[in-house]
Amino acid sequence: MSTPVYTTIYHLKDHEGGLVTLKGWLYNKRSSKGLHFLVVRDGSGLCQCVVSQELVDEAAWNGADEATQESSMELSGSVRKDEKQVGGYEIQVNSLRLIHKAEEYPITPKEHGVDFLMNHRHLWLRSQRQWAILRVRNSVIMSIHHFYQERGFVQMDAPILTGTAVEGTSTLFEMEYFGRSAYLTQSGQLHGEAMAMAFGKIYTFGPTFRAEKSKTRRHLTEFWMIEPEMAFYDLDMAMQLAEDMLGRIVSDALKNCQAELEILERDLEPLKRSISGYPRVSYDDAVDILKSDKTAQMVKDKLAGLDLEGASLSSELAKGKSEYGQAKKWEKKKFDSRELEINRRLAEIEEDRRNLPAWLASATAFEWGNDFGGSDETLITWHFDRPIIVHRFPHEFKAFYMKRDPEDDRVALGMDVLAPEGYGEIVGGGERATDLAFLEAQVKKHGLPEEAFTWYFDLRRYGSVTHSGFGLGLERTVTWICGLHHLRETIPFARTLDRLYP
RNA sequence: UCCUCGGUAGCUCAGCGGUAGAGCAUGCGGCUGUUAACCGCAGGGUCGUAGGUUCAAAUCCUACCCGGGGAGCCA
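The rules we used
- Residues numbered from 1 in each chain as written.
- Chains lettered and ligands numbered in written order.
- Predicted model: local features only at pLDDT ≥ 70, side-chain atom pairs only at ≥ 80, totals over all residues.
- Heavy atoms only, no water.
- Helix = DSSP H or I, 4+ residues; strand = E, 2+ residues; numbered from the N terminus.
- Contact = heavy atoms within 4.5 Å.
- Areas by Shrake-Rupley, 256 points an atom, 1.4 Å probe, with all protein chains shown as cover.
- Lys, Arg positive; Asp, Glu negative; His and termini not counted.
- Charge placed at Lys NZ, Arg CZ, Asp CG, Glu CD.
- Axes fitted to C-alpha atoms, helices over the stretch in contact; angles between N-to-C directions.
- Parallel < 35°, antiparallel > 145°, perpendicular 65-115°, else oblique.
- Left-handed = near helix turned anticlockwise from the far one by under 90°.
- 1 Å grid on protein atoms, 1.4 Å probe; cavity = no way out; pocket = protein on both sides within 12 Å on 5 of 7 lines; lining within 4 Å.
- Points joined across faces, edges and corners; volume = space filled by probe spheres on them.
- Nonpolar A, V, L, I, M, F, W, Y, C, P; charged D, E, K, R; others polar.
- Pairing = 2+ DSSP bridges.

Asker: Now, about the overall build of chain A: what can you tell me, with residues and values included?
Answerer: A count of helical and extended segments in chain A gives 15 helices and 18 strands. The principal-axis extents of the C-alpha atoms in chain A amount to approximately 85 × 55 × 45 Å. A fraction of 68% describes how many contacts in chain A between residues 6 or more apart in sequence connect residues 24 or more apart. By element, 52% of the accessible surface of chain A is carried by carbon and sulfur atoms, the whole surface being about 24900 Å². Positive and negative charge centroids in chain A, built from 62 and 76 side chains respectively, lie 4 Å apart.

Next comes the structure, spelled out in structure tokens:
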């Protein structure tokens, strides 16, 4: 007999019919007399390994018998293709050694609540769904690097400790820095501009901190942001770059993360449409869309649909309850889990029914000059089947460094990319102001400390040029690609308003 | 800061005035192809905390603590 080759579950396809050794952890176990079906995970995937009492020695059998969930083990056996199994392969085990018998594992193959899972994030990472999400995150990161590197951008790091608030609006984490105040960066943009003037086209990729007291599914206090900054790019060029970048991220994910997206049950159609052809929508047009009869009709249709769905689910629930008494035990179990699902969905429907009228009211009352709220963005994106780029906003609610539109002084040359399916803003940026006097006036007007910007003003003193850039929120992008409800699962260890552990 | 929902077994939840329940997990037993396997038995609880109403409180009331979602703000 040949010697087994040490490999990983991901590479089993190269060893069909051969003998291999795997090292991993027990994900789940099913047993009957003389047989153990061990679902093993090794970080690269899952594989069912069959231990038959007749075919292994006593030590191997006892090891499989004793193994508890998440026990670590090393096993060898022959690889067989089997479409029915997770990963498409199965291993008939010849030998097995228990490396460490795990204590009772807190995360069972059943459902858990968010709080419990977040408290066990260090273990939750081992679950299949988290595996899939964080591998998509990896794909997105690599796509971004490839995209920019292939286009001649230089990756440069902006400082994390800063003495300047880039945008007065956001709240900063302040800290003591050798006797004075420093802040954790909320954007690398100003330093990015300096680097763009030195290298032409650059992008930063780093952590960003916002001390906003937001408790929503779209916010983290620590998140990762990618900020390209390009000399000699105007707004239109920046919008095209953002579209090309997102298109690349999406098409790479579709190509490289098929298994992951399937685990996440992601509907691929909206992603396939999101590779190119992003409509450009001016703020003016977006306001018209928001206040249109069509939007009002969409909200009404949505409400009617929710009523229908709610009624149908309620009657299913009632029917199940009336038949519960006569049901067999396994039928009861099935109904119990369905009941949970229905109750959860009903709660969601209830919430939407409460929110939608308020959304419509706020949309109808919207006036030119207001900033879009989360609900406004969602309503606007309902009109499109792929990401859209909204541009040229009233300058009042935009950052001081944005260039004014030469054709309309009321608006700034900013742009936001809004993801479809209700995911909203994933990119924000635009063309930067080039005129020194204008910037000096802006800093004063926004009440920012002028002395903190003297270095920044230098960029307009020595060869000021047209330039643009934007920031991409990594976690929001991954949330959209994965089709998730909440962004906290897209980062290994989320930092939120009241969560610093684990 | 405000609005809203929740806290019952290790976990997910049901019970909503009258002796504390189920599934999963754990332990033991059964089953030679299982797919959140299945079947049987067992252990496991100051019903978030503190007051109050009541013959009787997990259930009703008040306050507080903790968490989820949302608003504002943002990527």
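Anyway, onward from the coordinates.
Asker: Please provide a residue-by-residue account of the packing of helix 6 (residues 235-256) against helix 15 (residues 474-482), values included.
Answerer: Across the interface, helix 6 lies against helix 15 with an axial gap of 11 Å and an inter-helix angle of 45°. As summarised for this structure, helix 6 and helix 15 are arranged oblique, according to the angle between their axes. Classified by chirality, the crossing of helix 15 by helix 6 is right-handed. Along the contact surface, helix 6 presents Leu246, Ile249, Val250 and Ala253, while helix 15 presents Thr477, Trp480 and Ile481.

Asker: Outline the side chain of serine 143, listing residues and values.
Answerer: Within the secondary structure layout, serine 143 lies in helix 4 (residues 128-150). Not counting the four nearest positions on each side in its chain, serine 143 is found in contact with Arg248, Ile249 and Asp252.

Asker: Please set out empty space enclosed by the protein residue by residue, giving values where relevant.
Answerer: The probe, sized like a water molecule, is rolled over the atoms to show the empty space still left. According to the stated counting rule, one finds 3 cavities of 30 Å³ or more in the structure shown. Size it by volume and the second largest cavity reaches roughly 50 Å³. Its residues placed into classes, the lining of the second largest cavity shows 2 nonpolar, 4 polar and 2 charged.

Asker: Tell me what's going on with the sheet that holds strand 8 (residues 161-162), and back it up with residues and numbers.
Answerer: Across a sheet, paired strands are connected by hydrogen bonds in the backbone, their directions being either parallel or antiparallel. Read across the sheet, 3 strands follow the order 8-10-9 without closing on themselves; strand pairing throughout is antiparallel. Two strands in the sheet have a free side with no partner beyond their single neighbour: strand 8 and strand 9 (174-177). With 4 bridges joining them, strand 9 and strand 10 (residues 180-184) adopt antiparallel strand pairing. Bridged to methionine 175 within strand 10 is alanine 182.

Asker: I'd like to hear about the layout of surface pockets, residue by residue, with values.
Answerer: Its volume calculated, the second largest pocket comes out at about 840 Å³. Among the elements of the structure, strand 4 (46-52), helix 4, helix 6 and helix 7 (258-263) are those that each provide at least two residues to the lining of the second largest pocket. Partitioned by chemical class, the residues of the lining of the second largest pocket number 14 nonpolar, 9 polar and 7 charged.

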